[in-house]
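# Observations on chain architecture
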Amino acid sequence: MQYRLLTKLKERVQLLMAYIAMLTHTIGLTPNQVSALGILFAVLAGIMYWYGESQSFNVTIAALFLMISGFFDVLDGVLARLYGQVTVFGGFLDSLLDRYADAFVFLGIILGWLITDTFWLFWGLLALIGSLLVSYSRARAEAAGVKMETVGLAERAERIIILVLASFLTLIWAGALQWSMILLAVLANLTVFQRATHFRRELQKKQIATPIV
């Protein structure tokens, strides 16, 4: 029963995104332009995090900008697939802009919330490094022919959700955003380890399946 509910929810979300993609196409936006909007809102989120320490309003706005950035990140892919505009360059650009988006958001948090405390700075930098390596591990593995989609606990969507929830929690718990850095650092680097393990296992399967000539 629970599986059916989740499946129906996923289908409805997909239908909604397809409808929004049609509206986006109607007003003339391309997938690359939608990707550019995503990075724009990520930069704005990073700026609001930077200036948001002890200011709940700024942090709330930062979380909203981050949600909008994540929305555009999903929309560009739906739009490209729906109208046959999937290209190698588009995929490369989307992945590249996602890394810039992650960097801007994490740097905004680090500079605004963590820079004066060595303990929190360490975890913030570790979360940033892990976040970037999650993406790199997927790109490197898929370049070698090993699929990495859905492998690992903390893909980009999960990391955005954690940051957004932590940002809203600062309204009632001042330390929520700092503690989320520890959670993200652990989950992101664990995801890198999971992907490295998966990559090695898949390579071993290919070697076994390849006959010796």
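Right, let's walk through the structure included here. (Residues numbered from 1 in each chain as written. Predicted model: local features only at pLDDT ≥ 70, side-chain atom pairs only at ≥ 80, totals over all residues. Heavy atoms only, no water.)

## Overview of the environment of Arg200
- Along the chain, the position of Arg200 falls in helix α7 (residues 176-209).
- In this structure the C-alpha to C-alpha distance between Arg200 and Val146, which are 54 residues apart in sequence, comes to 9.6 Å. (Helix = DSSP H or I, 4+ residues; strand = E, 2+ residues; numbered from the N terminus.)

## Here we look at unusual backbone geometry
- Unusually for a residue other than glycine, Thr150 sits at a positive phi of about 75 degrees.
- Checked against the element boundaries, Thr150 lands in the loop between α5 (118-143) and α6 (156-169).

## Remarks on the side chain of Ser135
- Mapped onto the elements of the fold, Ser135 is located in helix α5.
- Residues in contact with Ser135, not counting those within four places in the same chain, are Ser95 and Arg99. (Contact = heavy atoms within 4.5 Å.)

## Structural notes on helix α2 (residues 31-50)
- In this model, α2 (20 residues) spans 29 Å end to end at C-alpha, consistent with the 28 Å of a helix rising 1.5 Å per residue.
- Residues Pro31, Val34, Ser35, Gly38, Ile39, Phe41, Ala42, Ala45, Gly46 and Tyr49 constitute the buried set of α2. Relative to the axis of α2, the buried residues are bounded by an arc of 165 degrees and lie together on one face. (Expected span 1.5 Å × (residues − 1). Buried < 20%, exposed > 50% of the residue type's maximum accessible area, 1.4 Å probe, protein only. Arc of directions from axis to C-beta.)

## Some words on the side chain of Ser167
- Examined against the element boundaries, Ser167 turns out to sit in helix α6.
- By relative accessible area, Ser167 is classed as buried at 0%.
- Excluding residues within four positions of it along the chain, Ser167 makes contact with Tyr49, Val59, Ala63 and Leu177.

## Considering the pattern of salt bridges
- As enumerated under the stated definition, the model contains eight salt bridges in all.
- A salt bridge links Arg156 to Asp98, with the shortest nitrogen-to-oxygen separation between them at 3.6 Å. Note that Arg156 is positioned in helix α6 and Asp98 in helix α4 (residues 88-114), a separation of 58 residues in sequence. Asp98 matches Arg156 in its accessibility class, with the two residues each being buried. (Salt bridge = Lys/Arg side-chain N within 4 Å of Asp/Glu carboxyl O.)

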